[in-house]
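# Survey of secondary and tertiary structure
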Amino acid sequence: YWSYAEADAGGDGGNSTAVARGRLQGNQLRDVQKIFTQLPKVASRQHCGSRLVFARDARLFVTLGDRFSRKDDAQDLSNHIGKIVRIEPDGRVPPDNPFAATPGAKPEIWSLGHRNVQGAALHPQSGELWIAEHGPQGGDEINISRSGQNYGWPNVSYGCNYGDSYPGTDNTSCRIGGTGGAHAPTYVEPLTYWVPTSQAPSGLAFCTGTLLSEWQGNLFMGALAGTGVWRLTLGGNTITAREKLDFSELATRIRDIRQGPDGALYALTDGSGGRIVRIAR
């Protein structure tokens, strides 16, 4: 399974994220089939998402960005923009999706009010989908994506809109949705957020192996800004501490992070000289 950008057949410059599956036979893909397309298509190269995560019940989560110019659509159930969708492995709609029976809603929608989710991973104990999403100026978030929940974008954010004066130490002067900035009770409050400077979250991974036993149970987040990896200590569903692991010597962005079968963490760097960096003792 993989996601890719699909252009509008009409040739008007519109595009969106699509998902395909195929069977790997040797070094070739066979029986390739498109199983999902984000609608509508938009003339944009920004905020596409997209992460694919299989749940324990074999349903597939797909994260979809707000395409930047269509941010208000993240609150509209009639489209896939700024949403996380949940589909069967063949693209069908699970009957227990939260909006499957809602008139006018896209039945694939699982959660809404997202800006640009570029990190997603299943919690090793609960099996819930944890996500990392970009804020504007500040306001990057870690959330748990749950059925039917609304995460507030673009109505609220701990970040500030582009064009506003650069925020102070806590962004209170220009937070979206008022100086209070709190998402609750209308929207889901993030587990943690970054202000005033965006980290531009990339991949997420839980450390479950014994090779890095002192980090077992921690959540790791790559950063496209700041050339680092964030280590988040958890207490249940609460983030109790954050530490930035500095990889500035790489002088590049961190695009993704995964745990390998050997228990080490592997970070993927960005750009034409991209590398895979092994993090171990």
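Above this text is the structure in question.
The notes below deal with the structure included here.

So, how was this worked out
Residues numbered from 1 in each chain as written. Predicted model: local features only at pLDDT ≥ 70, side-chain atom pairs only at ≥ 80, totals over all residues. Heavy atoms only, no water. Phe/Tyr/Trp six-rings, centres within 6.5 Å; stacked < 30°, edge-to-face > 60°. Helix = DSSP H or I, 4+ residues; strand = E, 2+ residues; numbered from the N terminus. Buried < 20%, exposed > 50% of the residue type's maximum accessible area, 1.4 Å probe, protein only. Lys NZ or Arg CZ within 6 Å of the ring centre and 35° of its normal. Polar contact = N/O pair within 3.5 Å; in protein donor to acceptor, adjacent residues only side chain to side chain. Contact = heavy atoms within 4.5 Å. Disulfide = S-S within 2.5 Å. Salt bridge = Lys/Arg side-chain N within 4 Å of Asp/Glu carboxyl O. Pairing = 2+ DSSP bridges. Axes fitted to C-alpha atoms, helices over the stretch in contact; angles between N-to-C directions.

Counting across every chain of the model gives seven aromatic pairs. Note on F68 and Y162: the rings are 6.2 Å apart at their centroids and 40 degrees apart in plane angle, and the pair reads as tilted. Residue F68 is located in the loop between strand 5 (60-64) and strand 6 (83-87), and its partner Y162 is located in the loop between strand 10 (140-145) and strand 11 (192-194); the two are separated by 94 residues in the primary sequence. Judged by centre distance (5.2 Å) and plane angle (50 degrees), the ring pair of W215 and F220 falls under tilted. The two residues W215 and F220 agree in class, both being buried. Positioned above the aromatic ring of W194, the side-chain terminus of R242 is 4.4 Å from the ring centre. The ring centre of W230 lies 5.5 Å from the NZ or CZ of R242, which sits over that ring.

All right, on to the side chain of S16 then. Its location among the elements puts S16 in strand 2 (residues 15-25). Judged by relative accessible area, which is 1%, S16 ranks as buried. Engagement of the side chain of S16 in a polar contact is seen with the backbone oxygen of Q38, the distance being 2.8 Å. When residues no more than four places from it in sequence are discounted, the contact partners of S16 are Y4, A5, E6, T37, Q38, P40, K41 and R67.

This next bit is on the state of the cysteines. By the definition in use, this model includes one disulfide. Note that C160 is cross-linked by a disulfide to C174, the S-S spacing being 2.0 Å. As the torsion about the S-S bond is roughly 80 degrees, the C160-C174 disulfide counts as right-handed. Taken together, the positions of C160 in the loop between strand 10 and strand 11 and C174 in the loop between strand 10 and strand 11 put the pair 14 residues apart, joining distant regions of the chain. The exposure classification of C160 matches that of C174, with both residues buried.

This paragraph deals with the pattern of salt bridges. The final tally for this structure, using the stated rule, is 17 salt bridges. A salt bridge links D96 to R59; the shortest N-O distance between them is 3.9 Å. Separated by 37 residues along the polypeptide, D96 in the loop between strand 6 and strand 7 (109-112) and R59 in the loop between strand 4 (52-54) and strand 5 bring together distant segments of the chain. Connected through shared salt-bridge partners, D57, R59, R86, E88 and D96 make up one network.

In spatial order, the strands read 1-2-3; together these three strands make up an open sheet with antiparallel pairing. Both edges of this open sheet fall to strand 1 (2-7) and strand 3 (28-37), since each of them pairs with a single strand only. Between one strand axis and the next, the sheet turns by 40 degrees as a mean value, whatever way the strands run. Looking at chain direction, strand 2 and strand 3 are connected through seven bridges and run antiparallel.

Turning our eyes to something else, we now look at the side chain of Q137. Here Q137 is to be found in the loop between strand 9 (129-133) and strand 10. Apart from the residues lying within four places of it in its own chain, the contact partners of Q137 are G159, C160, N161, Y162, D164, S165, Y166, P167, N171, P196 and S198.

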